[in-house]
Amino acid sequence: LIAHRVSYLLRGYKVLQELHSANAHNAAILDAIPDKLLRIGSDGQVIDVRSNSTIQKSQNSLKSEHSLTEHINENLATEMQKVAERVQSSGRVEELDSLIIENDGEKAYYDMRLANINDQETLYLLRDITSRKLQELEIIETQNKLQATIDAIPDLMFELDLNGRYLDAHSPLNHLL
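What counts, and at which threshold
- Residues numbered from 1 in each chain as written.
- Predicted model: local features only at pLDDT ≥ 70, side-chain atom pairs only at ≥ 80, totals over all residues.
- Heavy atoms only, no water.
- Patch = residues over 30% accessible without salt bridge, like charges linked within 9 Å, V, L, I, M, F, W, Y side chains within 5 Å.
- Areas by Shrake-Rupley, 256 points an atom, 1.4 Å probe, with all protein chains shown as cover.
- Salt bridge = Lys/Arg side-chain N within 4 Å of Asp/Glu carboxyl O.
- Helix = DSSP H or I, 4+ residues; strand = E, 2+ residues; numbered from the N terminus.
- Buried < 20%, exposed > 50% of the residue type's maximum accessible area, 1.4 Å probe, protein only.
- Pairing = 2+ DSSP bridges.
- Contact = heavy atoms within 4.5 Å.
- Axes fitted to C-alpha atoms, helices over the stretch in contact; angles between N-to-C directions.
- 1 Å grid on protein atoms, 1.4 Å probe; cavity = no way out; pocket = protein on both sides within 12 Å on 5 of 7 lines; lining within 4 Å.
- Points joined across faces, edges and corners; volume = space filled by probe spheres on them.
- Nonpolar A, V, L, I, M, F, W, Y, C, P; charged D, E, K, R; others polar.
- pLDDT = per-residue confidence, 0-100.

**Considering a nonpolar patch on the surface**
Where nonpolar side chains cluster on the molecular surface, the patch consists of L156, F158, L160 and Y166 and spans about 430 Å² of accessible area. With respect to the helices, strands and loops of the structure, L156 is situated in the loop between α3 (130–152) and β7 (157–160). Exposure remark for L156: the relative accessible area of 42% places this residue in the partly exposed category.

Below is the structure:
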């Protein structure tokens, strides 16, 4: 009987060590993710927060059961709640980009993914993509300036490939083409 109990305790200890190892492994994976992760209950309350990013609105992220607006902009929270309802009903992952005007008037762009954990919880992943979006907007602006420059040239222009095939033509007088 004692040998059976000792054997039972040793198995329990081994399972507990494996659980601690798995938790450490999962924590390391989550720490490597640059996104802000929020686990939200069906009532809209934040259950858990993990943040390695700059999307930190509140220093109170360790407190359990608090409002989503303590962590993110109110407009973003409202939009995400609507998407969360769709995710809960469909069970599918939803992704969206949003432009948010921060409290200081600055524009911020976020990539968001929402996934259904179970019928009571939704996982929110937020990534600040402001620098990437600003670079994309700068590229578009540069392309528009280049096109305006080409359109202002009064000469007929052709773009040919190395084999002499026409790739593009520009004429300020379209009736010549």
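Additional details are given in the paragraphs that follow.
**So, the sheet that holds strand β6 (residues 121–128)**
One open sheet holds the 6 strands; their spatial order is β3-β2-β1-β6-β5-β4, and the pairing between them is antiparallel. Two strands bound the open sheet, and with one partner strand each, they are β3 (66–67) and β4 (94–101). Inspection of the sheet shows β4 paired to strand β5 (residues 107–118) by 8 bridges, in the antiparallel sense. Bridged to E95 within β5 is R113. Along the sheet, helix α2 (residues 74–90) contacts β1 (36–41), β4, β5 and β6; its crossing angle with β5, the most-contacted strand, is approximately 30°.

**Here we look at empty space enclosed by the protein**
Taken as a whole, this structure holds 1 cavity of 30 Å³ or more when the rule is applied. What lines the largest cavity is D35, D111, M112, R113, L125 and R127. Within the residue set of the lining of the largest cavity, elements represented by two or more residues are β5 and β6. Here the lining of the largest cavity gets 3 residues from one element, more than from any other, and that element is β5. Its residues assigned to classes, the lining of the largest cavity shows 2 nonpolar, no polar and 4 charged.

**Digging into the environment of D35**
Within the secondary structure layout, D35 lies in the loop between α1 (2–32) and β1. Among the residues examined, D35 registers a relative accessible area of 7% and is labelled buried. Placed 16 residues apart in sequence, D35 and S51 show a C-alpha to C-alpha distance of 6.5 Å.

**Examining the pairing of β6**
With 6 bridges connecting them, β1 and β6 associate as antiparallel partners. Across the sheet, residue L37 finds its bridge partner in β6, namely L125. As judged from the 8 bridges shared by β5 and β6, these two strands associate in the antiparallel manner. Looking at β6, one finds that N116 is bridged to T122. The antiparallel hairpin formed by β5 and β6 contains 2 residues in its connecting segment.

**Thoughts on the pairing of β7**
In this structure, β7 lies alongside strand β8 (residues 166–170), joined through 4 bridges in antiparallel fashion. Its bridge partner being in β8, M157 is matched across the sheet by H170. A loop of 5 residues connects β7 with β8, the two strands running antiparallel in sequence, and G164 in this loop sits at a positive phi of about 85°.

**Considering the confidence of the model for the protein**
Considering every residue of the protein, the mean pLDDT works out to 80; 88% of them sit at 70 or more. When mean pLDDT is taken per element in the protein, α3 scores highest with 91 and β3 scores lowest with 72. Low pLDDT (under 50) marks residues 53–63, which in the prediction has 30 contacts with non-local residues, meaning those over four places away or in another chain.

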